[in-house]
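Observations on chain architecture
Each chain, written out:
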There are 4 protein chains.
Amino acid sequence: MSTSDSDGKLSKREQRREDRRDEIKQAAIKVFSEHGYHAAKVSQIVKEVGVAQGTFYLYFEGKEQIFGEILEDFLELVVSTIAAWEPSDLDTREALGSDLKRVGLLLTDVLMENREMTGIFFRESQAVNQELQTLIREFYETLLAMLTSFNRILHERGLIAKMNFRVLSSMTIGMVERVIKEYVVHGQLEDVPAEEVVDNLVVYYLSGTTRDIE
Amino acid sequence: MSTSDSDGKLSKREQRREDRRDEIKQAAIKVFSEHGYHAAKVSQIVKEVGVAQGTFYLYFEGKEQIFGEILEDFLELVVSTIAAWEPSDLDTREALGSDLKRVGLLLTDVLMENREMTGIFFRESQAVNQELQTLIREFYETLLAMLTSFNRILHERGLIAKMNFRVLSSMTIGMVERVIKEYVVHGQLEDVPAEEVVDNLVVYYLSGTTRDIE
Amino acid sequence: MSTSDSDGKLSKREQRREDRRDEIKQAAIKVFSEHGYHAAKVSQIVKEVGVAQGTFYLYFEGKEQIFGEILEDFLELVVSTIAAWEPSDLDTREALGSDLKRVGLLLTDVLMENREMTGIFFRESQAVNQELQTLIREFYETLLAMLTSFNRILHERGLIAKMNFRVLSSMTIGMVERVIKEYVVHGQLEDVPAEEVVDNLVVYYLSGTTRDIE
Amino acid sequence: MSTSDSDGKLSKREQRREDRRDEIKQAAIKVFSEHGYHAAKVSQIVKEVGVAQGTFYLYFEGKEQIFGEILEDFLELVVSTIAAWEPSDLDTREALGSDLKRVGLLLTDVLMENREMTGIFFRESQAVNQELQTLIREFYETLLAMLTSFNRILHERGLIAKMNFRVLSSMTIGMVERVIKEYVVHGQLEDVPAEEVVDNLVVYYLSGTTRDIE
DNA sequence: TATGAATGAGTCTTCATTCAT
DNA sequence: TATGAATGAAGACTCATTCAT
């Protein structure tokens, strides 16, 4: 998300270009978030930034492309947030629990800071075109694969019970996803502190996977 | 699903009208399912049925309206399926488990029989307009309320542990939802039999809510 | 050009459709002829007919397509005019001469009746797109092939001298073409009667091919 | 062609300016030749030269203007080539023939060296705007007038027969033109040596104008 | 009821040209 | 002179909806 591409310095001109791009992208996020992809007009986006219609096309190929880019940004944000998580040694269920809470809170923070993008993602990213549908499908496949293998490892370490790990992973993703929708997108659970929400998720996950180990 | 107002008999003319309506609606489901709401064209729907463009408007107010109606059908289908479920006495966790399996399989059956509508629902029902967003929000609120109160009762009967029941309900919904997406919509878990999938869901739910009662 | 497709009768509805199509096509010819392809607006065409913008697209795929169709009509008109010509026995140069005059006058008539299309053809048919360039190239190839073989036959019958017949054909086409441009398109030679113009062409052709037969 | 005002030397600065102008013009010829006037973009031209978009406008008024200038260059090239021809005394048809061959080959050479411009001229110079259409019309009028008067003189010297000299000139121009298109632009007659092509043209012209003098 | 031709508002996109630096 | 970012006018095309027959 930051513009520090390949950590290199950008020339002043390049910097200005990046800034302008970002400015437009932010405006697009706002407009998409308010009206949805189909109802959003390029004219609204440029008006938001205060530039001419043509300027938009100097930075993006079109409405579809910028939407795709925004979506990719979001997916990358989520993946990198999760990937940034350094699991501790995880030799006890307690350690596992506190680790999960940590990553859960981290993700919550990030998504809360990007509520609009999160909302766009859930509300209609699938409805734009086939390409994005595929992108999202792959995103879920990645998550699913990551979680499945993670669960398998936990099982080998005797931390969770034997289950159909793919189904387990699906359930876990759905569980988290729904809570995010309620909490982040709809602000429905707002009276409940994030900690408690995450706590419930983790406890549920842990208990749900305990069964016959005990 | 049928518009059998007051369960009464329909005159031949009314019956014919109903049939035609249904025919168009089925075609619309097919077209929406294949192309998505925005890419779907009224012309495709009528071609599918083999009637003229104008005929469509004799039965439906327009594209948005028929989509809304299809969505409402779906929501009603889901709600009525769940509502049709007569919980047994549920005095033990075993009874609860088998009951949940029963309703789970029931729902799976119904959704599998209506895969296209299920897909439409998940993929983009939110993206059409504000009105439908509200409708769907209310649907979830209803589910949430039902589950929350259900969970509370179970807790009172000592069947499940004390938790934040709203969060618990959210999690449960998401869990089920995600699995439905994978299983029904994407056909992703197809090698796993429905029984096993449902079984995993129920076990997970039960364990996840067990914690400190034992 | 006539709508008597495959000599079959058209139903009333089909007939009306054909009429409307033709009406639009005539308007398009007028607009293209006045403004040229690029400067011509679809909006001008429909205004000319007195229908809405969308109506245009019920009958034609777009601006490019209708232009192509008009051009094809023209090429077919020319080819069929020439093809309609039944050469007489042609055993003497006199017979050849009078025959050539006949077809020349025929062609002149047809082109004069379709001045606008003729003008469009010469002025910019090449400039529209590659596809049309190819079409036109093929048209010339056809003419060239026809003429070349025709000239060869005349030579075999001892009516014209031995020459490079392909070059001869090219020259002949160009000669005729230029005169058409002056006479039909620019109205430049208008004081000269068509008969005289054609006469000059024929005499020139005949003398130009006489050389060593005498 | 060059802007060498008063045939004087150009200062270094002026020289550099001229060079840059020419560079851009050459690039424009290339781009126009490849894509045609309408499809050609100023951005392509400047990219070809390696300068910025704005630079183009330091040297030319715009796309239309540079095209016009290129076209004028071409017309001047043709006219000056013909004008450069010093007719010999021309008292016999043999002398006339060899003279015509000479100028024919000269013209062929020049056009072959400027194939791209030649192609631009034939393909779509007419389609750009009214102004150029007029320019081209005048060019043809000039040629026509030159040829007409030339033919008249030849007739007076008893070298060619009496004909409608304007029509004759038109025919001659068309004849040459078509052959040029085939030979220079389309490379269609490439297997035939230039000499033969020109020879055919001259012979045809001479025979075509012989008729009753003999 | 059924038809399907006609409507026309609505939006994305292109690209020649300008101008502040 | 050179740059290149910004401009903004202009137009093709789509498609849900209407309505005369």
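Just so it is clear, the model here is predicted, and its values are computed rather than measured.

1. Structural notes on the pattern of salt bridges
- The full count for this structure, using the stated rule, is 44 salt bridges over all chains.
- Of the charged contacts in the structure, one is a salt bridge between A:Arg178 and B:Glu177, with a shortest N-O distance of 3.1 Å. Taken together, the residues span two chains, with A:Arg178 in helix H8 (residues 165–185) and B:Glu177 in helix H8 (residues 165–185).
- The salt bridge partner of C:Arg137 is D:Glu182, with a shortest N-O separation of 3.0 Å. Linking C:Arg137 in helix H7 (residues 130–156) with D:Glu182 in helix H8 (residues 165–185), this pair reaches from one chain into another. For the pair C:Arg137 and D:Glu182, a shared accessibility class is recorded, and that class is buried.
- Several salt bridges converge on common partners, so that one network encompasses A:Arg137, A:Glu141, A:Glu177, B:Arg178 and B:Glu182.

2. Here's the deal with the protein's contact with DNA strand F
- Around DNA strand F, 32 residues are found, and the nearest of them are A:Ala52, A:Thr55, A:Tyr59, D:Thr55 and D:Tyr59.
- The sugar and phosphate moieties of DNA strand F supply 70% of its atoms located within 4 Å of the protein.
- B:Val42 is positioned with one of its backbone polar atoms (N or O) 3.1 Å from a phosphate oxygen of DNA strand F.
- Separating a phosphate oxygen of DNA strand F from a backbone N or O atom of D:Ala52 is a distance of 3.1 Å.
- Counting residues per element, the ones that place at least two in the surface near DNA strand F are helix H1 (12–35) and helix H3 (53–59) of chain A, helix H3 (53–59) of chain B, helix H3 (53–59) of chain C together with helix H1 (12–35) and helix H3 (53–59) of chain D.
- Top element by residues in the surface near DNA strand F is H3(D). It accounts for five residues.
- Of the residues assigned to the surface near DNA strand F, the class counts are 14 nonpolar, nine polar and nine charged.

3. Structural notes on the interface of chain B and chain A
- Chain B puts 42 residues into the contact, and the matching count from chain A is 42 residues.
- If you sort the residues of chain B by the area they bury against chain A, B:Met171, B:Arg178 and B:Tyr204 come out on top, with a joint share of 20%.
- Counting across the chain B and chain A interface gives four salt bridges.
- Put simply, chain B and chain A have nine residue pairs in polar contact (both at pLDDT 80 or more) between them.
- Mapped by element, the contributors of at least two residues to the side of chain B that touches chain A are helix H6 (115–124), helix H7 (130–156), H8 and helix H9 (194–208) of chain B.
- When residues in the side of chain B that touches chain A are grouped by element, the largest group, 14 residues, is from H8(B).
- Here the residues of the side of chain B that touches chain A sort into 17 nonpolar, 13 polar and 12 charged.

4. A closer look at helix H6 (residues 115–124) of chain A
Residue and element names in this part refer to chain A.
- When you tally the buried positions in H6, you get seven out of 10 residues, the bulk of the element.
- Residues Met117, Thr118, Gly119, Ile120, Phe121, Phe122 and Glu124 constitute the buried set of H6.
- Here the buried face of H6 lies against H1, helix H4 (63–83), helix H5 (93–113), helix H7 (130–156) and H8.

5. Let's talk about the interface of chain D and chain C
- Each partner contributes to the interface: chain D provides 41 residues, whereas chain C provides 41 residues.
- A combined buried area of about 3600 Å² lies between chain D and chain C, and 59% of that area is made up of carbon and sulfur atoms.
- When the buried surface of chain D facing chain C is broken down by residue, D:Met171, D:Arg178 and D:Tyr204 rank first, second and third, together holding 20% of it.
- Applying the counting criterion to the chain D and chain C interface returns four salt bridges.
- Counting the contacts that link chain D with chain C gives nine residue pairs in polar contact (both at pLDDT 80 or more).
- Those elements that place two or more of their residues in the side of chain D that touches chain C are helix H6 (115–124), helix H7 (130–156), H8 and helix H9 (194–208) of chain D.
- Among the elements that make up the side of chain D that touches chain C, the one with the highest residue count is H8(D) (14 residues).
- Of the residues that constitute the side of chain D that touches chain C, the class distribution is 17 nonpolar, 13 polar and 11 charged.

What counts, and where the lines are drawn
Residues numbered from 1 in each chain as written. Chains lettered and ligands numbered in written order. Predicted model: local features only at pLDDT ≥ 70, side-chain atom pairs only at ≥ 80, totals over all residues. Heavy atoms only, no water. Salt bridge = Lys/Arg side-chain N within 4 Å of Asp/Glu carboxyl O. Helix = DSSP H or I, 4+ residues; strand = E, 2+ residues; numbered from the N terminus. Buried < 20%, exposed > 50% of the residue type's maximum accessible area, 1.4 Å probe, protein only. Near = heavy atom within 4 Å. Polar contact = N/O pair within 3.5 Å; in protein donor to acceptor, adjacent residues only side chain to side chain. Nonpolar A, V, L, I, M, F, W, Y, C, P; charged D, E, K, R; others polar. Contact = heavy atoms within 4.5 Å. Buried area = accessible area lost by both parts, 1.4 Å probe.

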